[in-house]
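Next come the chains, spelled out residue by residue.
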Number of protein chains: 2
Amino acid sequence: MTDRHPAPDLLPATEALPRRRFIGSAALAGLGLAACGQKPETAAPVSPAAPASATPVAHAAASATHLKPGELDTYYGLWSGGHTGDMRVLGLPSGREILRIPCFVPDALVGWGITNESKKIMGTKADGSLRYTVADTHHTHASYKDGNYDGRYAWINDKINSRVARIRLDYFVCDKITPLPHVQGFHGIFPDKRDPVDEKINYTTRVFCGGEFATPLPNAGSEDGSTYRSLFSCVDAETMEVRWQVLIDGNCDLVATSYDGKLAATNQYNTEMGARYEDMMSAERDACLFFHIARIEAAVKAGRFKTIGSSKVPVVDGTRQANADPKTALTAYVSIPKNPHGVNASPDQKYFICAGKLSPTVTVIELAKVLAWFDGQLDKPDAAIAAEVEVGLGPLHTAFDGRGNAYTTLFLDSQVVKWNIAQAIAFHGGDKNAKYVVDRLDVQFQPGHINGSQSETIAADGKYLAVGCKFSKDRFLPVGPLHPENEQIIDMSGDKMVLLADHPVRGEPHDFIIFKRDLVKPRQVYALDDFPLAVKDAKDSSITRNGRKVLVKMTSQAPSFSMREFKVRKGDEVTLILTNLDKVEDLTHGFAIPGHNVNFIVNPQETASVTFTAGEPGVYWCYCTHFCHALHLEMRTRMIVEA
Amino acid sequence: MTDRHPAPDLLPATEALPRRRFIGSAALAGLGLAACGQKPETAAPVSPAAPASATPVAHAAASATHLKPGELDTYYGLWSGGHTGDMRVLGLPSGREILRIPCFVPDALVGWGITNESKKIMGTKADGSLRYTVADTHHTHASYKDGNYDGRYAWINDKINSRVARIRLDYFVCDKITPLPHVQGFHGIFPDKRDPVDEKINYTTRVFCGGEFATPLPNAGSEDGSTYRSLFSCVDAETMEVRWQVLIDGNCDLVATSYDGKLAATNQYNTEMGARYEDMMSAERDACLFFHIARIEAAVKAGRFKTIGSSKVPVVDGTRQANADPKTALTAYVSIPKNPHGVNASPDQKYFICAGKLSPTVTVIELAKVLAWFDGQLDKPDAAIAAEVEVGLGPLHTAFDGRGNAYTTLFLDSQVVKWNIAQAIAFHGGDKNAKYVVDRLDVQFQPGHINGSQSETIAADGKYLAVGCKFSKDRFLPVGPLHPENEQIIDMSGDKMVLLADHPVRGEPHDFIIFKRDLVKPRQVYALDDFPLAVKDAKDSSITRNGRKVLVKMTSQAPSFSMREFKVRKGDEVTLILTNLDKVEDLTHGFAIPGHNVNFIVNPQETASVTFTAGEPGVYWCYCTHFCHALHLEMRTRMIVEA
């Protein structure tokens, strides 16, 4: 909090913006076109504090993102994969995609959804087939220690089927997937940064998950939307079990957490609980909803919860009505102009920033004041609003440079606006000479998420910004009706932002984080003991029959499999365990069986297994699908299926 | 043919290389390590014609591949997607991936394998589920006209399940998939370049497909490998039906075609018909097998064929024994040293180049002489060998610059060798002063496929080379045990090759082609009439019940679906047809249903349909998954499932 911040009782927060500043129904009629780069004629006036538009494109500086052959990137990026249901690992500043980590959706390269090990993580139906093969990942965040990433885990959401996946950052693989009970449209996700009570727990132990779509609870199909409710969920970072849920008014969009571990926050764009889009935007203000974690957990411990349907997860009451008394409230609803999108915690640990989406504003909420409200020191949660200033049309997400500036995407203006938080507070406090807008940069086009290097940590370093533009239009060679999206890299180290490079990306990535490469310590080769089924020596290869079940144990070592052929009978249920005995980094083998829908890989010292039914009698050449050796083509074994 | 080429009868082709020049069993014991970048100590001597190793890395030139923001690439690249079963579209020289075109494997972004339209193309089992969800694409080539690409089609193979897919290059989508009967390990693929008989047909009408794994025919499971045979298949480019097959001795690896349309060729690495890798490399020479297309089709027309099992495809006899008389032969077997890999037709239309793999040689075969043998003018096919020269260890694939030079990958040496074809012929003809090796460039590491801009057309322009390196080792930030592969871009315009950039790629791409961007004319928006099921007006939205079958017709137009809710009953078989009425380029919508494994997209003016069983009673928020508008999050409809 700065000295220039006005006293809370002087802040007419809910009346801070006149109605005409919102994007009304008339303007919205033009948004379909606006989404394609044409600005609506009814655009709200630009903030008086905004300087002239400046959009330098780097020419000399552009090659900053081009690494010489063999040069390594200096940052990792973890990117949500959108509909592909995976997490993507990028190197920055080059923007090169180094890995895709399959999570919710099968992946034919690694055999995710084919091997028994991956099917167990993904979840199957009674017949053993995968429960889901589609997903929609939006947000990914990693575990913290002392306010910075600690390289243990990352988490990612599936919006369609309300599941959260965990990625191990030693092997860069998904190891757990948890469904959230009674949640539809699981959207925002964020880990806590330390424990709200125990000072010694200075690292992530909880993951918070926002439910966007309200439904009947339990969901029995009522048509009356006024009975629908949303849930906010807490998942244990280690066990990946759902610890508790909070019943709320309105919905959950994005999620953020405070550095002190005390609060989680979610912005709400549909406090109206509307079932149609017109109803969802009828109110002039929605909210940013704060959760008091220690009180919630105390309530659970004290048994002040209910359960829903067959779920055993404790559900506490976080509705407005039940939390009117600040001294006991589990939740605080701070009002935010019209359909806000995005909530982000500033690296100075002081503020939460909410963007207005249908309002041209950003709202700065002061953490200390929210806590003060919970302590009964403020008369209303809105008194925690430190600033509410105009930045441009369609503000969505905000990144930080660690130097007091924020960078917000303007969806409708197709810009990134750089603004100074302290100056915005001063302007809001009455200093009309405060120039809070520092710079604007045109981006191509309709930006959604934005993030900066280390932006959501106390170590925000202000070097690179990446911005996910939803429309690429003519920025890349035409490839038919499905355009890539355009992720752009921006140099944010100077006063003015400089656009460095365009990168086409397969839709539809959303959120991402960027951090220094020394924060993770990947392991490049597995240990045989990581796998209980490991076939530790080629001599242990065997084929065993138990009725119609056949177990085949095999090893791979370039350029051969340990068994040159194996015989099964039509209709047998065959389980094949394959251990890759090659120890050399990067020496992966594949194993494909024609006609049996089997293909998977085994990385060095990895073991995987598949179970399938032997088909028609015949010779089936099983072959290595992952180039391994000069005799790779010759690396085969025969499965002979007998009648 | 050059004047310096020796007379055929003076050419001791099959004895041209002494045994010691091959990589023997002793050396192979070291190949596992060799594959990881360490060179075997038993390396064959470098050709006396080789200059000193020169491996310049571009520093100033490197930024040639970095485009300024907004700049377009000048070349398209079509890349096989390997295990991901798709085709990738890249821009060159930037190396950026613009699109993935799903073919054989489901794709959760577009709903490939989810929509009824895509399932019909992919193939389903009796219960309506997908027959296969894994694949292994290796080679992709596009349709020709007058010796250059004409932008109509591209084709790609699935090695695991022996299927060929066609891509329409107007919309960049897969429109047909054809399984090859009685083929296992379908590997090489190449379209013809004109008709062998009809001069007026100066464009592609056939696609040739090589079967790599020999099996019993029909495949009844015999263990005796000596009875196994392989098939070479011809698919009609328009109907995508299999026209004919050829029974051969040995196997098919890669495929190439002559510019005059008369011949197709495949290299054979296993003329021994071995079932174990030691047996597959027992012979000193294998072969490049040529197919005389006009004669094969005359034989089919004359009824000189058999059929196999239940397949109705005519199969002609292309074995050695049946084709001893050149005047009537359908096939010609030209011998090539030990386990060759790769066959490529030079852009001067004169030669086929086969690389030795286990022999350090490349073999140059003269098309005119192969035709001369078929005309009875040469006593043996090997007389068509114009050169057989050493280039380095593990030669695999060859590209061309249109200036008489060839560029061959050396898997074991981790190099690209640039060599001059005319000089190689001179050297082979006895001119020991002919310096056929022009340059060598270290690549990182173990290169497989290579191709140059326009390399496999008469318009080869010698600007850019791309090389697919199978191992990336330490070239990118570590991401756990599964390394990306490394596709490198090389400037081939000067005397010396210059390495420009490293690109990590998701395994396991293989072959690719690179062509000028003006050769395709993509269409960016569909036409409503392209889809028989199109719902052409929001007013035509409807829900119709026929017993337990329910048909829902809906449209999308940002930011809403034409129906705000629809009701079905638990257990109903629901077919939902969705037409995207938005006409603006790049305005794609998605449609996801929680809990029902439904997610797909509709591009502008596209129609797609899905069929699913309504689940448990409840409210299911169907939402747009593809960011479309400022009110994208609000773009939903409710499916209310009643008991």
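An unreviewed UniProt entry annotates chain A as Nitrous-oxide reductase originating from Pseudaquabacterium rugosum. Under the UniProt heading Subunit (unreviewed entry), the note attached to chain A is "Homodimer." Of chain A, the UniProt comment under Catalytic activity (unreviewed entry) reads exactly: "N2 + 2 Fe(III)-[cytochrome c] + H2O = nitrous oxide + 2 Fe(II)-[cytochrome c] + 2 H(+)".

In this section: the packing of aromatic side chains. Applying the stated criterion to the full structure yields 44 aromatic pairs over all chains. An angle of 70 degrees between the planes, with centres 5.2 Å apart, marks the rings of A:Tyr526 and A:Phe531 as edge-to-face. You'll find A:Tyr526 and A:Phe531 in the same group, each marked buried. Summarising the aromatic geometry, the rings of B:Phe208 and B:Phe232 are spaced 5.8 Å apart at their centres and angled 20 degrees between planes, so their arrangement reads as stacked. Taken together, the residues B:Phe208 in strand β9 (residues 206–213) and B:Phe232 in strand β10 (residues 230–236) connect sequence positions 24 residues apart. You'll find B:Phe208 and B:Phe232 in the same group, each marked buried. Every member of this aromatic cluster is reached through a ring pair, and the members are A:Tyr76, A:Tyr144, A:Tyr149, A:Phe172, A:Phe190 and A:Phe515.

What follows covers the relation of the copies chain A and chain B. Rotating chain A by 180 degrees and moving it 0.0 Å along the rotation axis overlays it on chain B with an RMSD of 0.0 Å. Taken together, the rotation and translation describe the operation of a two-fold axis. A share of 100% of the interface residues of chain A reappears at the interface of chain B, consistent with the copies meeting face to face through the same patch.

Residue and element names in this part refer to chain B. Looking at the element boundaries, glutamate 388 is found in strand β20 (residues 385–390). Its relative accessible area of 6% is what places glutamate 388 among the buried residues. A polar contact is formed between the side chain of glutamate 388 and the side chain of arginine 285, at a distance of 2.8 Å.

Take the sheet that holds strand β14 (residues 285–292) of chain A next. All names here are of chain A. A sheet is described by the order of its strands in space; here 4 strands give the open sequence β12-β13-β14-β16, paired in antiparallel fashion. At either end of the open sheet lies a strand with only one pairing partner, and these are β12 (255–257) and β16 (331–337). Neighbour-to-neighbour, the strand axes of this sheet turn through a mean angle of 25 degrees, independent of strand direction. Strand contacts of helix α5 (residues 293–301): β13 (263–268) and β14, with the helix running at about 65 degrees to β14, the strand carrying the most contacts.

Our next topic: the pattern of salt bridges. A full pass over the atoms with the stated rule returns 74 salt bridges over all chains. Ionic pairing is found between A:Arg564 and B:Glu278, a salt bridge with its closest N-O pair at 2.8 Å. Here A:Arg564 is found in the loop between β32 (560–561) and β33 (565–569), whereas its partner B:Glu278 is found in helix α4 (residues 277–280) on a different chain. Of the charged contacts in the structure, one is a salt bridge between B:Arg168 and B:Asp170, with a shortest N-O distance of 2.6 Å. B:Arg168 gets classed as partly exposed once you look at its relative accessible area, which sits at 28%. Put simply, A:Asp192, A:Asp195, A:Arg206, A:Asp236, A:Arg243 and A:Glu297 are held in one network by salt bridges that share partners.

Residue and element names in this part refer to chain A. Counting buried positions along helix α6 (residues 367–374) gives 7 out of 8 residues, so the element sits mostly inside the fold. Considered for burial, the residues of α6 that qualify are Leu367, Lys369, Val370, Leu371, Ala372, Trp373 and Phe374. Elements in contact with the buried residues of α6: β13, β14, α5, β16, β18 (351–355) and β19 (361–366). At the exit of α6 stands glycine 376, carrying a positive phi of roughly 80 degrees.

What follows deals with the pairing of strand β29 (residues 512–516) of chain A. Along a regular strand, successive side chains alternate from one face of the sheet to the other. Residues and elements named next belong to chain A. For β29, the tally of buried residues reaches 4 of 5 residues, placing the bulk of the element in the interior. Of the strand pairs in this sheet, strand β1 (residues 75–80) and β29 are connected by 5 bridges, and their pairing is antiparallel. Bridge pairing links leucine 78 to isoleucine 513 in β29.

With that settled, the discussion passes to the UniProt feature "domain: Cytochrome oxidase subunit II copper A binding" (unreviewed entry) in chain A. When the UniProt feature table is mapped onto this chain, "domain: Cytochrome oxidase subunit II copper A binding" (unreviewed entry) is found at residues 547–643 of chain A. Structurally, residues 547–643 of chain A comprises 0% helix and 56% strand, and the distance from its first C-alpha atom to its last is 15 Å.

What follows deals with the state of the cysteines. All names here are of chain B. Under the definition given, this model contains 0 disulfides over all chains. Of all cysteine sulfurs in the structure, the one in cysteine 174 sits closest to cysteine 103, which takes part in no disulfide; the separation is 4.5 Å. Unpaired in terms of disulfides, cysteine 622 finds its nearest cysteine sulfur in cysteine 624, a separation of 12 Å.

With that settled, the discussion passes to the interface of chain A and chain B. If you look at the interface, chain A gives 147 residues, while chain B gives 148 residues. Here chain A and chain B share an interface that buries about 12500 Å² over both sides, 62% of which is from carbon and sulfur atoms. Our count for the contact surface shared by chain A and chain B stands at 10 salt bridges. Here B:Glu223 makes a salt bridge to A:Lys567, at a shortest N to O gap of 2.6 Å. Summed over the shared surface of chain A and chain B, the result is 67 residue pairs in polar contact (both at pLDDT 80 or more).

Turning our attention to the sheet that holds strand β18 (residues 351–355) of chain B. Residues and elements named next belong to chain B. Read from one edge of the open sheet, 4 strands run β17-β18-β19-β20, paired in antiparallel fashion. This sheet does not close on itself; its edge strands, each paired only once, are β17 (343–345) and β20. Pairwise comparison of adjacent strand axes, ignoring direction, gives a mean angle of 20 degrees for this sheet. Bridging between β18 and strand β19 (residues 361–366) involves 5 bridges; their strand directions are antiparallel. The residue bridging phenylalanine 352 from the neighbouring strand is isoleucine 365, located in β19. Packed on one face of the sheet, helix α7 (residues 421–428) meets β18, β19 and β20 and runs near 90 degrees to β20.

Next up on the list: the side chain of A:His589. Residue and element names in this part refer to chain A. For histidine 589, the location among the structural elements is in strand β35 (residues 589–593). Engagement of the side chain of histidine 589 in a polar contact is seen with the backbone nitrogen of alanine 558, the distance being 3.5 Å. At 2.7 Å, the side chain of histidine 589 forms a polar contact with the side chain of aspartate 582. Apart from the residues lying within four places of it in its own chain, the contact partners of histidine 589 are Ser556, Gln557, Ala558, Asn580, Asp582, Phe600, Ile601, Val602, Cys624, His626, Cys628 and Met635.

The rules behind the values
- Residues numbered from 1 in each chain as written.
- Chains lettered and ligands numbered in written order.
- Predicted model: local features only at pLDDT ≥ 70, side-chain atom pairs only at ≥ 80, totals over all residues.
- Heavy atoms only, no water.
- UniProt positions renumbered as here; feature names shortened; annotations may be inferred.
- Phe/Tyr/Trp six-rings, centres within 6.5 Å; stacked < 30°, edge-to-face > 60°.
- Buried < 20%, exposed > 50% of the residue type's maximum accessible area, 1.4 Å probe, protein only.
- Helix = DSSP H or I, 4+ residues; strand = E, 2+ residues; numbered from the N terminus.
- Least-squares fit on C-alpha atoms with pLDDT ≥ 70 in both.
- Contact = heavy atoms within 4.5 Å.
- Polar contact = N/O pair within 3.5 Å; in protein donor to acceptor, adjacent residues only side chain to side chain.
- Pairing = 2+ DSSP bridges.
- Axes fitted to C-alpha atoms, helices over the stretch in contact; angles between N-to-C directions.
- Salt bridge = Lys/Arg side-chain N within 4 Å of Asp/Glu carboxyl O.
- Disulfide = S-S within 2.5 Å.
- Buried area = accessible area lost by both parts, 1.4 Å probe.

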